[in-house]
Amino acid sequence: MAKQNFIGLVVSQGKMAKTVKVRVQRKVYDTRIHKEVIKRKDYLVHDEGNLCKEGDVVRIESIPKISARKAFAVAEIKVNKGQQFALYETLAKEKVIEEEKQKLEIFIKEKQQFESVVTQIEDLRRLDQIVSTYQTQPNADRSQLLSEIDRIKQKWGIQSWPSEEPILSLDINEKEKSIREVNLDLIISKIMSDEYTDDRNKILAASTSTPVGELKKHTIKNIVRKYVLNSKNELPFEV
Amino acid sequence: MFRLSARMFSSGRIVASSINSSSGAASAPAKAHPTLAAKQFISPDASKSKAKILRRKEKRLKKQIIRDVNNYKKQQAKNVQFQVDPVLGEVDNGFMNRIKKEVENHTNHLAYGFDRVEFEKLLYGAEKAALDKSKGTEVLNESIRLAEERKKRALLTILNLRNTNKMDKKILAIKLAREEFQRQEGDTASPEVQAAILTVKIHFGMDHVKESPKDHTHTEHVRQMVQHRQRILKYLKRDNPEKYYYTIAKLGLTDDVITREFNMGRQYFQDFKVWGDKQLVKLSDKQQSKVNKIHDLQKRVSEYNDLARKNYDILQKEQSE
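Small disclaimer: the values here were computed from a predicted structure and weren't measured.

Further remarks concern the interface of chain B and chain A. The partner chain A presents 29 residues to the 27 residues of chain B that form the contact. Summed over the three residues of chain B that lose the most area to chain A, namely Lys121(B), Tyr124(B) and Tyr245(B), the buried surface amounts to 23% of that side. At the boundary of chain B and chain A, one finds four salt bridges. Notably, a salt bridge pairs Asp128(A) with Lys128(B), separated by 3.1 Å at the nearest N-O pair.

Put into structure tokens, the structure is as follows:
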């Protein structure tokens, strides 16, 4: 005869040596309500080697009784969810410690960056001063002033002073790069007007399968907006 | 009665922590079983009846010790404490410490979301523009420079994080937390980001709760946020367990804090001493006597352990001789 077999969930582990508690569910037909109901039973199961973790799904097999409540042993681990979770937990802790170190480095780097910008600005200010003294005071020590100008220019890679080139990059300037983004509202309103109905319909047909008549106005606007923001797409007019 | 005990220990309080710490440090080594505390040393010249009395005493005490130790174990299994504070998490959590420091760091951050580096650059540009515009003599230029310097100082004072409000600091903290957890640029709603933002809000909220215990509405809001965070993290555990364990490790929480039932009620405030050593939950005489019983039990068990260790040492010495 085949040995008795159950599949169950490990609900408790680590409290007893070489023993886990496994919950087995089975359906029992209730004659009073004429319906199958779920019944649960917890077994204490022998786990040689303490492999199971809480949350694992295991198959248990009957063995000769080894203690008052233990008559089953773990035959195989079907889903090692619990073990995986335990692994994730240990890995996560290591990762967090590693990240904390990195964050400290980033903090120091940002601080240095800030200080370098401040010194650059101070140097530029000094440069301005030197240039003005050079121009206004003819009896100053010219060679010394020139050498200082050269030093600052070399330090920050400046070609000429005063220069037309941007020396300090600002976030505001970067945003102005895309003309479409700046004039987005204007462009969209232009495409949405009756003048460009055909172009608009072409854009809509390319992006959706629903007929144009069924689309709501805000949906059309969103599609047009997406189209305009992608710089690869061509616009029906010059910006 | 069972329900009562369940409520009494619902927030995982530490029963008689002082006793715990004293016995915890001096807990008996593994070899010294607590039953050794019952050991009666019968002197060889003791009379027969005396020896008999002592032997019987030892037997009786042994039984008592086993019963007490088992009862104590049962109590401990029933009232499992939370591994960390379920609201604030670990005491020394790297992530929250860093965020709190950044918020107070007034050299790198300015109020109202201004960037310090951009600020320096812009003001230099403004000064230069003013100088170019005037094109005057050295004296005039100097006065312009001084005026710009004064303007900069005034702006720095206005925009200093010391002079801003709590809300502004909270916004900065939330922004930093979001940037640490986001999956990609502009991610504001993934579960881990939501949990991180809620954690920041809870920490800020608890500062206020500590300051003003009578602001019940606010306490209620914080309580709701704690529950909300629990719900979100429960979802994340189902959805992406790897990320879940990473998130809780980073936020200084543990799995039991998320999966077990918790309510930030008076019991919590009392157990974790949010408003000092105040009794907030009144116990009836019956409940109090039950708590005292557990206290006594704990005390007795720790005494057994101490005595067992002493007896163990004596026995070891005798054996070696």
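From this point, things continue past the structure.
Time to look at the side chain of His109(B). Residue and element names in this part refer to chain B. As for its placement among the helices and strands, His109 is situated in the loop between α4 (94-104) and α5 (116-134). Owing to a relative accessible area of 16%, His109 belongs among the buried residues under this scheme. Here the side chain of His109 touches Glu102 through a polar contact of 2.7 Å, side chain to side chain. Here His109 is in contact with Glu102, Leu161 and Leu172, once residues within four sequence places are set aside.

With that settled, consider the domain arrangement of chain B. Under the domain assignment used here, chain B contains domain 1 (14-82 + 284-320), domain 2 (85-105 + 165-261) and domain 3 (115-158). If you average the C-alpha positions of domain 2 of chain B and of domain 3 of chain B, the two centres end up 41 Å apart.

Right, let's get into the packing of helix α6 (residues 197-207) of chain A against helix α7 (residues 217-229) of chain A. All names here are of chain A. As a packed pair, α6 and α7 sit with axes 10 Å apart at the nearest point and diverge in direction by 90°. As judged from the angle between their axes, α6 and α7 are roughly perpendicular. On α7, the residues that touch Arg200, Ile203, Leu204 and Ser207 of α6 are Ile220, Ile223, Val224 and Tyr227. Grouping the constituent residues of the contact of α6 with α7 by class yields six nonpolar, one polar and one charged.

The next thing to look at is unusual backbone geometry. Negative phi characterises most residues that are not glycine, and trans characterises most peptide bonds. A positive phi angle, close to 45°, is found at Asn50(A), a residue other than glycine. Turning to its location among the elements, Asn50(A) is positioned in the loop between β3 (35-46) and β4 (57-62). Accessibility expressed as a relative area gives 46% for Asn50(A), which makes it partly exposed. The phi angle at Lys273(B) is positive, at roughly 50°, despite the residue not being glycine.

According to the domain assignment, chain A contains domain 1 (5-79), domain 2 (82-173) and domain 3 (179-229). The centre of domain 1 of chain A, based on its C-alpha atoms, is set 62 Å off from the matching centre of domain 3 of chain A.

About the cut-offs
Residues numbered from 1 in each chain as written. Chains lettered and ligands numbered in written order. Predicted model: local features only at pLDDT ≥ 70, side-chain atom pairs only at ≥ 80, totals over all residues. Heavy atoms only, no water. Contact = heavy atoms within 4.5 Å. Buried area = accessible area lost by both parts, 1.4 Å probe. Salt bridge = Lys/Arg side-chain N within 4 Å of Asp/Glu carboxyl O. Helix = DSSP H or I, 4+ residues; strand = E, 2+ residues; numbered from the N terminus. Buried < 20%, exposed > 50% of the residue type's maximum accessible area, 1.4 Å probe, protein only. Polar contact = N/O pair within 3.5 Å; in protein donor to acceptor, adjacent residues only side chain to side chain. Domains from an automatic or database assignment. Axes fitted to C-alpha atoms, helices over the stretch in contact; angles between N-to-C directions. Parallel < 35°, antiparallel > 145°, perpendicular 65-115°, else oblique. Nonpolar A, V, L, I, M, F, W, Y, C, P; charged D, E, K, R; others polar.

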